[in-house]
Each structure stands twice: as C-alpha cells, then as structure tokens.
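Chain by chain, the residues run as shown.
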Amino acid sequence: MTLVAVIALAIHGPIPQSQSYHAFADTRTIWGIPNFFDVISNLAFVLVGLLGLYESFVNNTIKMVTENRVSYTVFFIGVALVGLGSGYYHLVPSNESLVWDRIPMTIAIMALVSIVVGEFVSPRLGAILLFPLVASGILSVLYWYWTETTGNGDLRPYVLVQFLPMIVIPVILVCFDSVFTKTGGYWLLLSAYVIAKLCEHFDREIFHVAGVVSGHTLKHLAAAVGIYLLLVLFRRRRLS
C-alpha cells in the first residue's frame, strides 16, 4: 500500500500549496483576536493533550504497552502542540505560520502509528519506528516549506505522511489482534478524523448555513473530541 501511494504521488508530480487555503470563512475579530473562533477552538487540542499526559504520568490510568511508553508521551505532547501551532497559524494565516501548525500534527500522527504498531503488531517494532516516523513527518513539512521558498512548492511527502496512516491504521486494526480489549477508540478517532476533514472541506457552506460557527472551527472540535474518546478507551481497556 505504501509503495503504491509513493509511486502514485511520484507520477502525479509536485503539488504546490494553494494560497486560497489561507482564506477561511470565519474571519471575525472578537476581543482583539482575529479569526477568533478558529484560534480559540484550538484550546481543545491543548486541553486533551495535557489531559493525556496527566492521566499517563500523574493518575496512571492509561493502559499502555510499557515498551512504547515514549510513543504515548510523544503523541499527547504532539496533540498539545497542535493546539499551540494551529492557534498561532490562525492568528496570522500564511505559509510561514502554517509550518508551526503542520509540524506538531505530523508528530502526533506518526506517534499514533507507532502506538498502533506497538499494540497490534510488535511492541519492539513500534518502539523502533517511533523516531524515524516522527523525523519523516517533520522533514516532510520542512521539505514542503523549502520548496515553497524556491518557487516550486511540493506537498507530496506531507500528503503521504498525513493521509497514508489513515489507510494503513484500519488495515492493521482489521488484520492483527491487539494486546488490549476495547480497541474501538481507534475507530472513533478515525471517524472523527473523517468528520473533521469534511467540516474543513465545507468550511464556507457550514458557516453560511450555521451563521455562528464555521466548518474549520468544527474541524478542530471534531478532531479533539476524537482524541478525547481514544483517551477514554485508553483508560477503560485492559490486557486481553
């Protein structure tokens, strides 16, 4: 699957970042904060990321694979940083600020892949893959930004990092057995991701109909809720 995706993107050719991406539906300034709701909704990521760290290291309620403890830590740190990076980006939308939105996102996604591999395939393999995956995610964003500065923007590595896991993870969930019970949290997270992407795509249409909230704001909330539901299942599961 990975090989097919890489070949398809190679054949496709460079994908530049459209500047229309920065034009969001809800640009209202409230309390002196531009794009207020797109900015403030990112607090949900900060809260759920910090909650995950609290439950992991203070309450010790998260059931995790011991060998992959670092992966869980990196995941929740990445989620919290998504809130900060995305909040900064929505204050001043541009390619430059978008870098700080996308880097934490790739960290969280790649850490999640490491966790899934560790729980379903092999704890040792999950641990080995963590830092190469995270590094590849960060490099995909830096590569995109560098190509944008040279006038030949290319999103292909970043597209691979963001979307391939959303195909590979379900395959792993179906084809392998977890060391834990209650694996539905991953399906809830994936469903929330799909809902979030739909909200993002229909940003203006949702804002036009709802009037008070845009699709992009709902995207942030849907994704954060998905991560929270995964966290809840992390607390409730047990070794199978």
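What you see is a predicted model; the values in this text were computed from it and never measured. (Residues numbered from 1 in each chain as written. Predicted model: local features only at pLDDT ≥ 70, side-chain atom pairs only at ≥ 80, totals over all residues. Heavy atoms only, no water.)

A. Up close: the overall build of the protein. Broken down by element type, the protein carries 11 helices and 0 strands. Along its sequence from the N terminus, the protein presents helices and strands in the succession α-α-α-α-α-α-α-α-α-α-α. Taken along the three principal axes of its C-alpha coordinates, the protein extends 50 × 45 × 30 Å. A total of 240 residues make up the protein; the buried ones form 50% of that total. Restricting to contacts in the protein with at least 6 residues of sequence separation, those with at least 24 account for 75%. Accessible surface, the protein: about 11,600 Å² in total, of which carbon and sulfur atoms supply 72%. Of the charged side chains in the protein, 14 are positive and 13 negative, and the gap between their average positions amounts to 10 Å. (Helix = DSSP H or I, 4+ residues; strand = E, 2+ residues; numbered from the N terminus. Buried < 20%, exposed > 50% of the residue type's maximum accessible area, 1.4 Å probe, protein only. Contact = heavy atoms within 4.5 Å. Areas by Shrake-Rupley, 256 points an atom, 1.4 Å probe, with all protein chains shown as cover. Lys, Arg positive; Asp, Glu negative; His and termini not counted. Charge placed at Lys NZ, Arg CZ, Asp CG, Glu CD.)

B. Spotlight on the packing of aromatic side chains. A full pass over the atoms with the stated rule returns 10 aromatic pairs. Judged by centre distance (5.9 Å) and plane angle (80°), the rings of F24 and Y89 are edge-to-face. Taken together, the residues span a long stretch of sequence, with F24 in the loop between α1 (2-12) and α2 (36-40) and Y89 in helix α4 (residues 69-91) at a distance of 65 residues. Of the two residues, F24 and Y89, neither departs from the other in class, the shared state being buried. A network of ring pairs unites the aromatic residues Y72, F120, Y186 and F234 as a single cluster. Sitting above the plane of the W144 ring, R102 keeps its charged end 4.8 Å from the centroid. The ring of F180 has R237 sitting right over it, with the charged end atom 3.9 Å from the ring centre. (Phe/Tyr/Trp six-rings, centres within 6.5 Å; stacked < 30°, edge-to-face > 60°. Lys NZ or Arg CZ within 6 Å of the ring centre and 35° of its normal.)

C. Expanded view of the packing of helix α7 (residues 156-163) against helix α8 (residues 165-175). Relative orientation of the contacting elements α7 and α8 amounts to 30°, with a least axis distance of 5 Å. What the angle tells us is that α7 and α8 run roughly parallel. Every residue of α8 that contacts α7 at L160, V161, Q162 and F163 is listed here: P165, M166 and I167. Split into classes, the residues belonging to the contact of α7 with α8 amount to 6 nonpolar, 1 polar and no charged. (Axes fitted to C-alpha atoms, helices over the stretch in contact; angles between N-to-C directions. Parallel < 35°, antiparallel > 145°, perpendicular 65-115°, else oblique. Nonpolar A, V, L, I, M, F, W, Y, C, P; charged D, E, K, R; others polar.)

D. Spatial organisation of the nonpolar core. In this structure, F75, L112, V116 and Y186 are the most contacted members of the largest nonpolar core, which totals 54 residues. Those elements giving two or more residues to this core turn out to be α3 (43-57), α4, α5 (95-120), α6 (123-149), α7, α8, α9 (184-201) and α11 (215-236). In terms of residue count, the dominant contributor to this core is α5 (15 residues). Residues within four places of V116 in sequence aside, it is in contact with V121, I169, I172, L173 and Y186. (Core = buried A, V, L, I, M, F, W, Y, C linked by side-chain atoms within 4.5 Å.)

E. Up close: the pattern of salt bridges. Under the criterion given, the structure shown has 6 salt bridges. A salt bridge links R28 to D26, with the shortest nitrogen-to-oxygen separation between them at 2.8 Å. Exposure remark for D26: the relative accessible area of 1% places this residue in the buried category. R235 is the partner of E55 in a salt bridge, and the nearest nitrogen-oxygen pair spans 3.1 Å. (Salt bridge = Lys/Arg side-chain N within 4 Å of Asp/Glu carboxyl O.)

F. Structural detail: α9. With 18 residues, α9 extends 26 Å from end C-alpha to end C-alpha; this agrees with the ideal 26 Å at 1.5 Å per step. Listed in full, the buried residues belonging to α9 are G185, Y186, L189, L190, A192, Y193, A196, C199 and E200. Among the structural elements, α5, α7, α8, α10 (203-210) and α11 are those in contact with the buried residues of α9. (Expected span 1.5 Å × (residues − 1).)

G. Structural view of the side chain of N35. With respect to the element layout, N35 can be found in the loop between α1 and α2. Ignoring any residue separated from it by four or fewer positions in sequence, one finds N35 in contact with D26, T27, R28, H90, L91 and P93.

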